[in-house]
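Overview (structure and organization)
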Amino acid sequence: MSCAECVQFSLQETLQKQRECLKRQKEAVKYRLKKLAARQSEITKKSSVIRESIVQKYQEIKAVLDEDLRRTLSHLEMEEQAAFSALDGLMEKNCSLIQEIEQDLARFTVSMDETDIEPDTMDIGTLVMDTLNNMDPSSVSLDEVKFNQILSLTENTLLLISSQTPIIKKLTQSCQFSQYFGSVPHHNFPSLLVASCAKIVKYVSPDSSEVCLDPRTAHPKLVISPQGDSATYTDTWQQLPDLPQRFDTTLNVMSSQGFSCGRHYWEIDVTGKTYWELGVTYPNIPRKGPTEDCWLGRGGESWCVELFDGEYTAWHGGVPHKLLLTKRFCRIGVLCSYPAGSVTFLEADNMTPLFSFCVGTFSDRLHLVLCPGHDHCGTNAEPLVICNVLSPSCDL
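Residues numbered from 1 in each chain as written. Predicted model: local features only at pLDDT ≥ 70, side-chain atom pairs only at ≥ 80, totals over all residues. Heavy atoms only, no water.

A few points about the overall build of the protein
Check the secondary structure of the protein and you find six helices and 13 strands. Burial analysis of the protein (396 residues in total) assigns 33% to the buried set. Taking the contacts inside the protein whose residues are at least 6 apart along the sequence as the reference set, 66% of them involve residues at least 24 apart. Counting only carbon and sulfur atoms, one obtains 58% of the accessible surface of the protein, whose full area is about 23800 Å². (Helix = DSSP H or I, 4+ residues; strand = E, 2+ residues; numbered from the N terminus. Buried < 20%, exposed > 50% of the residue type's maximum accessible area, 1.4 Å probe, protein only. Contact = heavy atoms within 4.5 Å. Areas by Shrake-Rupley, 256 points an atom, 1.4 Å probe, with all protein chains shown as cover.)

Structure, rendered in structure tokens:
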């Protein structure tokens, strides 16, 4: 092979090697492109999952706020209806009084035409003055203290949410984030925000007012626990002193503590019961004999909610208010505002209002009062339990 041929062969061999090298590089690039495309698809999928999770968390926040708004407005509407009901009652009494005055005016006119004797209008005059004195429109009001607290709560919630948005900014302030919330994964922040709002609700909600049951008021077929926190029906008539304050017909028991000021809240565990009554009462509720006023809510001295035969009813002054509820509740809350003259019953687990009485002005001290009912052949044997109590030795 000549020198020229050797050079030509060497050149072709070199070009062939370079060609093979370029082919391998091309395949490497194509493989990398394939990997990049796969990575792009993976990122798209992960981004979609993250996006859906974020949207879901925001929807959960919105659902929590929407439900809280619904319950708050429902509570306001219930108190408004109770106030309107009280005002309607006062207006009906005034309309009746006007009719009586008109009848007296007619009799007065006839008397003037027939004789010189002036008719006696002293009785109706006294009745008018008593009615006007007892029907001051300002005696009916909403619980402004409570609703001011609700407004304050919503403002605090708004400030909390505003202080934590935009969330993307918080991702660049991990040190500050940790300072306020500790080492929490950023993807859990929406849930943390809801939890923080719940803490605010807890802090501004009305405090429970601790009470214990007074065994001296208990019907002889009621067993009061040593702690004074529960009442249980028994078939045995216990040999107890016949004290003036003891109920002898209705299965009632009152709290030792009463109050004539402030706002008070209790929770009563009614789990497993098919019949019960609970509410608040003045100390002068009738306690002896078969009179219907001894039953809770049947007279003007008490306000209550009862469960009987699967139906819930609110009672006061002998007037029943059927509640369109079917759920069997475990805890009932009793919220009483003495300054506002209101009594509200709630489903305690979710703080859902059940019924509200707008009394206007209370005229005496109020006591918590319970009726666990008969055992109904063992179907109602569970006790009524106050979920917050004082020792019976405490003096309030």
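The structure having been displayed, the exposition proceeds.
Examining unusual backbone geometry
Residues other than glycine seldom take positive phi values, yet Asp309 does so here, at roughly 55°. By the element assignment, Asp309 lies in the loop between strand E6 (302–308) and strand E7 (311–316).

Quick look at the sheet that holds strand E3 (residues 253–259)
Read from one edge of the open sheet, six strands run E3-E12-E5-E6-E7-E8, paired in antiparallel fashion. Because the sheet does not close on itself, it has two edges, and the strands there are E3 and strand E8 (319–323). For this sheet the average axis-to-axis angle between neighbouring strands, irrespective of direction, equals 15°. In terms of strand pairing, strand E5 (residues 276–281) meets strand E12 (residues 366–371) through five bridges, oriented antiparallel. Residue Glu277 lies in a different strand from E12, and its bridge partner there is Cys371. (Pairing = 2+ DSSP bridges. Axes fitted to C-alpha atoms, helices over the stretch in contact; angles between N-to-C directions.)

Overview of the layout of surface pockets
Gaps between atoms show up when a probe of the same size as a water molecule is rolled over them. Taken as a whole, the second largest pocket holds about 780 Å³ of empty space. Along its surface, the second largest pocket is lined by 28 residues, and Ala86, Trp303, His316, Cys358 and Val359 are the ones closest to its centre. Looking at the lining of the second largest pocket, the elements that each hand over two or more residues are helix H1 (3–114), E8 and strand E11 (352–358). Of all the elements, H1 adds the most residues to the lining of the second largest pocket, at eight residues. Split by residue class, the lining of the second largest pocket holds 14 nonpolar, 13 polar and one charged. (1 Å grid on protein atoms, 1.4 Å probe; cavity = no way out; pocket = protein on both sides within 12 Å on 5 of 7 lines; lining within 4 Å. Points joined across faces, edges and corners; volume = space filled by probe spheres on them. Nonpolar A, V, L, I, M, F, W, Y, C, P; charged D, E, K, R; others polar.)

Observations concerning the packing of aromatic side chains
Counted under the stated rule, the structure contains ten aromatic pairs. With 6.4 Å between their ring centres and 85° between their planes, Phe345 and Phe357 make a pair best called edge-to-face. Taken together, the residues span a long stretch of sequence, with Phe345 in strand E10 (residues 342–347) and Phe357 in strand E11 at a distance of twelve residues. When its relative accessible area of 8% is taken as the criterion, Phe357 is described as buried. By way of ring pairs, the aromatic residues Phe259, Trp266, Tyr282, Trp303, Tyr338 and Phe362 are connected into one cluster. Over the face of the ring belonging to Trp315 we find Arg298, whose NZ or CZ atom lies 3.7 Å from the ring centre. (Phe/Tyr/Trp six-rings, centres within 6.5 Å; stacked < 30°, edge-to-face > 60°. Lys NZ or Arg CZ within 6 Å of the ring centre and 35° of its normal.)

Some words on the pattern of salt bridges
In the structure shown here, the tally under the stated rule is twelve salt bridges. A salt bridge links Glu67 to Arg71, with the nearest nitrogen and oxygen atoms 2.8 Å apart. Taken together, the residues span about one helical turn, with Glu67 and Arg71 both in helix H1 at a distance of four residues. Look at Glu67 and you get partly exposed, because its relative accessible area is 27%. (Salt bridge = Lys/Arg side-chain N within 4 Å of Asp/Glu carboxyl O.)

Examining the side chain of Glu79
Checked against the element boundaries, Glu79 lands in helix H1. Ignoring anything within four residues of it in the chain, the contact list for Glu79 reads Leu142, Asp143, Lys146, Phe147, Ser342, Thr344 and Ser356.

What to know about the sheet that holds strand E13 (residues 384–386)
The strand order across the open sheet built from seven strands is E1-E2-E13-E4-E9-E10-E11, with neighbouring strands paired in antiparallel fashion. The open sheet has two edge strands, strand E1 (222–224) and E11, and neither has a second partner. Direction aside, neighbouring strands of the sheet carry axes that sit 20° apart on average. The pairing of strand E4 (residues 263–269) with E13 spans two bridges and is classified as antiparallel. Counterpart to Ile268 in the pairing with E13 is Ile386.

With respect to the environment of Ala218
Within the secondary structure, Ala218 sits in the loop between helix H6 (189–204) and E1. Residues Ala218 and Phe247 lie 29 residues apart in sequence; the distance between their C-alpha atoms is 6.0 Å. With near-sequence residues (within four places) excluded, Ala218 lies in contact with Ile224, Arg246, Phe247, Asn252 and Val253.

Remarks on the nonpolar core
Grouped together as the largest cluster of nonpolar side chains are 48 residues, with contacts concentrated most on Trp276, Leu278, Leu366 and Leu370. In contact with Leu278, other than residues within four places in its own chain, are Ile268, Val270, Leu296, Trp303, Cys304, Val305, Ile332, Val334, Phe345, Val369 and Leu370. (Core = buried A, V, L, I, M, F, W, Y, C linked by side-chain atoms within 4.5 Å.)

Regarding the side chain of Glu267
In this fold, Glu267 is placed in strand E4. At 2.9 Å, the side chain of Glu267 forms a polar contact with the side chain of Arg331. (Polar contact = N/O pair within 3.5 Å; in protein donor to acceptor, adjacent residues only side chain to side chain.)

Notes on the confidence of the model for the protein
Here the protein averages 80 in pLDDT, while 78% of its residues score no lower than 70. Under a pLDDT of 50 for its full length, residues 171–207 has, in the predicted model, 37 contacts with residues more than four places off or in other chains. The low-confidence segment residues 389–396 (pLDDT under 50) makes 18 contacts with residues lying over four places distant or belonging to another chain. (pLDDT = per-residue confidence, 0-100.)

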